[in-house]
Amino acid sequence: MFKHFAFLAAIAFFNASCASWQQNRWLADHHNKLKQVASSKMSPEQKTDALIQDYIVFMNEGLQFADPTKGAKYVKKYHDQNDALIEQILRDTKQWQGKLNTSDKIALGIRTAQKPYLKDLIELGPKFKRKYQQYAFVVKMTDKVLDILNFLK
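Here, residues in each chain are numbered from 1, in the same order as that chain's written sequence. Two thresholds apply to this predicted model, a pLDDT of at least 70 for residue-level local features and 80 or more for giving and counting side-chain atom pairs, whereas whole-chain, interface and lining totals are computed over all residues. Hydrogens and water are ignored here; the side-chain numbers use all heavy atoms of the structure.

With that settled, consider the overall build of the chain. The secondary structure listing takes helices from DSSP runs of H or I that are at least 4 residues long and strands from runs of E that are at least 2 residues long, numbered from the N terminus. The helix and strand tally for the chain stands at 6 helices and 0 strands. When its helices and strands are written in sequence order, the chain yields α-α-α-α-α-α. For each residue, the accessible area found with a 1.4 Å probe, counting protein chains only, is set against the maximum for its type, and the residue is called buried under 20%, exposed over 50%, and partly exposed in between. Taking all 153 residues of the chain together, 36% fall into the buried category. Whether two residues are in contact is decided by their heavy atoms, any of which lying within 4.5 Å being enough. A sequence separation of at least 24 residues applies to 77% of the contacts in the chain between residues at least 6 apart.

Encoded structure:
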């Protein structure tokens, strides 16, 4: 009996450590990607695309958690590690968008409507916000990322 219990406990521990390792890997990948984007010579539009694509991957990961507490810890770690990088990319994007004339804004709107990630962003954004709505920092950052698309104001 004790052997079976010890075996099950070992499996549970192994699975938990594998999950933790995978989550830390995801976090490191996100941080490295956003750091590279923020410091790159990409155009502001390319930086925006890269940020949104990374955020979509992050939202998908956050929605995979069955345990909301573990999901919230993961989401908080992501935001703690990447908040400054995301803010930098968003500042650059808003500054660039603010300088666009009306025809440039329309052209950007048309290009944005054709982006392959737009459907995913529209579907995932509300689900993600609903799942983590009790965590104000998540809703605030998600709103900021989604607000990038409101440049036609």
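Our focus in this paragraph is empty space enclosed by the protein. Think of a 1 Å grid over just the protein atoms. A cavity is a set of points where a 1.4 Å probe fits yet cannot get out, a pocket is an open set with protein on both sides within 12 Å along at least five of seven lines, and lining residues have an atom within 4 Å of a point. Grid points are joined across faces, edges and corners, and a volume is the space filled by probe spheres set on the points. Overall, the coordinates contain 1 cavity of 30 Å³ or more when judged by the stated rule. Considering the residues around the largest cavity, the lining is formed by 12 residues, among which Glu45, Thr48, Gln97, Leu108 and Thr112 are closest to the centre. Breaking the lining of the largest cavity down by element, the ones donating at least two residues are α2 (44–64), α3 (68–98) and α4 (102–113). For the lining of the largest cavity, the leading source of residues is α2, giving 3 residues. Taken together, the residues that form the lining of the largest cavity break down as 6 nonpolar, 3 polar and 3 charged. Under the grouping applied here, Gly and all other residues not named as nonpolar or charged are polar, the nonpolar ones being Ala, Val, Leu, Ile, Met, Phe, Trp, Tyr, Cys and Pro and the charged ones Asp, Glu, Lys and Arg.

For the rest of this paragraph, the subject is the pattern of salt bridges. Each reported salt bridge corresponds to a side-chain nitrogen of Lys or Arg within 4 Å of a carboxyl oxygen of Asp or Glu. Enumeration over the complete set of coordinates arrives at 7 salt bridges. Measuring nitrogen to oxygen at the nearest pair gives 3.1 Å for the salt bridge that ties Glu45 to Lys115. With Glu45 in helix α2 and Lys115 in the loop between α4 and α5 (118–131), the pair connects residues that are 70 residues apart, well separated along the chain. Pair check on accessibility: Glu45 and Lys115 agree, each one buried. By sharing partners, the salt bridges in this structure join Glu45, Asp49, Arg111 and Lys115 into a single network.

In this section: the side chain of His79. If you trace the backbone, His79 turns up in helix α3. Residue classification places His79 among the buried residues on the basis of a relative accessible area of 4%. Once you skip the residues sitting within four places of it in the chain, His79 turns out to touch Tyr55, Phe58, Phe137, Val138 and Met141.

Looking now at the environment of Lys127. Its place among the elements puts Lys127 in helix α5. Since its relative accessible area comes to 42%, Lys127 is described here as partly exposed.

Note on ring pairs: Phe, Tyr and Trp rings are taken, using the six-membered ring of Trp, and paired if centres are within 6.5 Å. Classes follow the plane angle, with under 30 degrees stacked, over 60 edge-to-face and the rest tilted. Throughout the structure, instances matching the rule amount to 9 aromatic pairs. Put simply, the rings of Trp26, Tyr55, Phe58, Phe65, Tyr74, Tyr78, Phe128 and Tyr132 touch in pairs and so form one group of aromatic residues.

Moving on, we come to the layout of surface pockets. Approximately 250 Å³ is the volume found for the largest pocket. If you trace the largest pocket, you find 10 residues lining it, with Ala19, Ser20, Gln23, Phe65 and Lys70 closest to the centre. Only α1 (2–39) and α3 provide two or more residues apiece to the lining of the largest pocket. With 5 residues, α1 is the single largest residue contributor to the lining of the largest pocket.

Before going further, it helps to spend a moment on the packing of α2 against helix α6 (residues 136–147). Orientation of α2 relative to α6, taken along the N-to-C sense of each, is 145 degrees, at an axis distance of 11 Å. The element α2 and its partner α6 pack so that their crossing is left-handed. Contact residues: Ile52, Tyr55 and Met59 in α2; Val138, Met141, Thr142 and Val145 in α6. Taken together, the residues that form the contact of α2 with α6 break down as 6 nonpolar, 1 polar and no charged. Angles here are taken between N-to-C directions and fall from 0 to 180 degrees, while the axes themselves are lines fitted to C-alpha atoms, restricted in helices to the stretch in contact. Definitions for this section: a left-handed crossing has its near helix turned counterclockwise from the far helix by less than a right angle. A right-handed crossing has that turn clockwise.

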